[in-house]
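Given next are the chains, with one letter for each unit.
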Amino acid sequence: MVARHLIEADPASAVSVTELAHALTHSSGAIGAALERLVNRGEAERVGVRPRRYRATPSTVEAAEAGPRSPRRPRTRGVSPAPGSGGRAGGSSVPPGAVLRPSGQPYFPRELAGMPDVEALRRLREADVPVLLYGPPGTGKTSLLEAAYPDLITVAGDGDTTVGDLVGEYTQREDRSYEFVHGPLVTAMREGRALLIDDATLISPSVLAVLYPAMDGRREIRVKAHKGEMVTAAPGFFPIAGHNPGVHGAVLSEALASRFSVQIRVTSDYDLAAHLGVNPVAVRVARHLAKRQESGEVGWAPQLRELLGFQRVADALGAEVAFANLVGTAPEEDQEQVAVVVATAIGTKTVAPLSLGARLPLPPGTLVAPPPTSKGARTSTTPTPGSPRRS
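Described in the following lines is the structure provided in the data block. (Residues numbered from 1 in each chain as written. Predicted model: local features only at pLDDT ≥ 70, side-chain atom pairs only at ≥ 80, totals over all residues. Heavy atoms only, no water.)

### Details of the sheet that holds strand β3 (residues 53–55)
Counted only if it meets this: Strand pairing requires that DSSP identify at least two bridges connecting the strands. Each helix is a run of DSSP H or I of at least 4 residues and each strand a run of E of at least 2, with the numbering of both proceeding from the N terminus.
Spatial ordering of the open sheet is given by β1-β3-β2, a layout of 3 strands whose pairing is antiparallel. Every other strand in the sheet has two partners, leaving β1 (15–16) and β2 (45–46) as the edge strands with one partner each. Of the strand pairs in this sheet, β2 and β3 are connected by 2 bridges, and their pairing is antiparallel. Paired with R46 across the bridge in β3 is Y54.

Written as structure tokens, this is what we have:
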């Protein structure tokens with residue numbers, strides 16, 4: 001649907017998330033997520049930052065012709081479907097024990113409070129107990145929440161996030177008049193949906209404070225920018241925050257922490273990485289670095305996301321190249337220690353980050369253009385065999 005709208009839009013003037021949200025009558029969070037998926041697949045182009053604007057590419061036509069995907073929400077053993085999801089038992093396309101996310105990708109539950117994590121999170125929602133998930137990037141926090149809450153709206157937080165990004169802002173119509181387009185916080189409140197503020201600890205506390213009245217007994221907010229409009233949360237509205245402690249600038253304030261009664265640490269599931277076919281030596285390296293990271297000996301360890309990326313590189317270019325790339329993936333200050341661990345694991349003396357080597361020799365008979373000369377300088381050209389001589 002988003003791809004079709006991009007194709008129909010004027011290619012000379014890219015469209016913003018809020019403009020698309022208004023045109024398609026969907027939340028800006030959902031529209032923004034769809035646009036970023038198109039960009040990641042090369043089926044759309046991002047041409048702006050504030051505001052983010054997008055336009056079609058030649059590949060957008062293929063995405064539009066593919067049509068909408070109908071998400072399947074299966075019931076798996078020990079995991080009940082999300083409230084109102086209408087889930088049913090998955091067919092052969094769903095791996096045993098997995099929960100299918102709205103994107104169609106499987107999620108494999110882990111134990112939490114003596115039950116599958118998906119079930120535990122759904123119970124917390126029913127009890128209206130806000131949740132904060134914290135851990136390094138790439139450990140699967142978002143995947144878990146998408147599996148637990150198929151109605152999830154996600155807001156990607158950063159230092160530039162404004163109140164308008166959460167509650168909404170005025171946008172210009174085609175006739176140059178302005179209208180107010182409500183943001184993801186208002187949409188989630190009115191529709192009774194789960195709302196993830198990802199990287200919440202990167203957002204300014206003064207901006208994040210707009211969320212707090214919706215989380216206490218009032219369960220309402222005032223949209224000052226829209227005539228002081230009052231918005232009351234419908235049943236089912238459920239705020240979640242994501243926090244990456246190791247990210248520069250991330251600060252978990254007391255005000256934020258006190259409003260999330262349950263705080264769950266999320267680490268990489270290395271058993272899952274092995275189950276998904278990641279090179280066992282790479283998994284062993286990741287486990288070893290994770291232990292050293294916990295003791296403070298090293299500041300970085302590959303998470304599930306890096307391991308899955310490792311395997312894709314290994315499948316394309318070989319394990320040796322993938323290990324070199326893994327070393328280069330580490331922060332510069334940790335690369336030396338990571339290289340030692342990798343070299344020991346694979347039985348070599350050293351492992352250097354992946355880099356370009358010497359220039360390959362040119363095939364015989366290849367002509368090389370002469371270097372450019374200054375204006376007026378005389379040049380002589382050596383003729384090739386069979387060509388007339390010129391001065």
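Don't stop here, the text continues.
### Here we look at the pairing of strand β11 (residues 178–182)
Pairing geometry for strand β10 (residues 168–172) and β11, over 5 bridges, is antiparallel. Counterpart to T171 in the pairing with β11 is E179.

### With respect to the packing of helix α15 (residues 319–329) against helix α16 (residues 335–346)
In a pair of packed helices, the angle between the axes and the distance between the axes together describe the arrangement. Just so we agree on the cut-off: For helices, the fitted axis covers only the stretch in contact; all axes are lines through C-alpha atoms, and the angles between them, taken along N-to-C directions, range from 0 to 180 degrees. Should an angle lie under 35 degrees it is considered roughly parallel, over 145 roughly antiparallel, and from 65 to 115 roughly perpendicular; all remaining angles are considered oblique. Crossings are assigned a handedness: left-handed for a near helix turned anticlockwise from the far helix by less than a right angle, right-handed for a clockwise turn. Any two residues whose heavy atoms approach within 4.5 Å at even a single point are treated as in contact. Three categories are distinguished: nonpolar for Ala, Val, Leu, Ile, Met, Phe, Trp, Tyr, Cys and Pro, charged for Asp, Glu, Lys and Arg, and polar for the others, with Gly belonging to the last.
Put simply, α15 and α16 touch, their axes get as near as 8 Å, and they point 155 degrees apart. The angle between α15 and α16 places the two elements in the roughly antiparallel class. Between α15 and α16 lies a crossing whose hand is right-handed. For the pair α15 and α16, the contacting residues are F323, V327 and G328 in the first and Q335, V338, A339, V342 and I346 in the second. In terms of residue class, the contact of α15 with α16 is built from 6 nonpolar, 2 polar and no charged.

### Quick word on the packing of helix α5 (residues 117–126) against helix α6 (residues 141–148)
The geometry of α5 relative to α6 is characterised by a closest axis approach of 9 Å and an angle of 65 degrees between their N-to-C directions. Considered as vectors, α5 and α6 are oriented roughly perpendicular to each other. Here α5 runs over α6; the crossing is right-handed. Residues D117, V118, L121 and R122 of α5 pack against L144, L145, A147 and A148 of α6. Across the contact of α5 with α6, the residue classes tally to 6 nonpolar, no polar and 2 charged.

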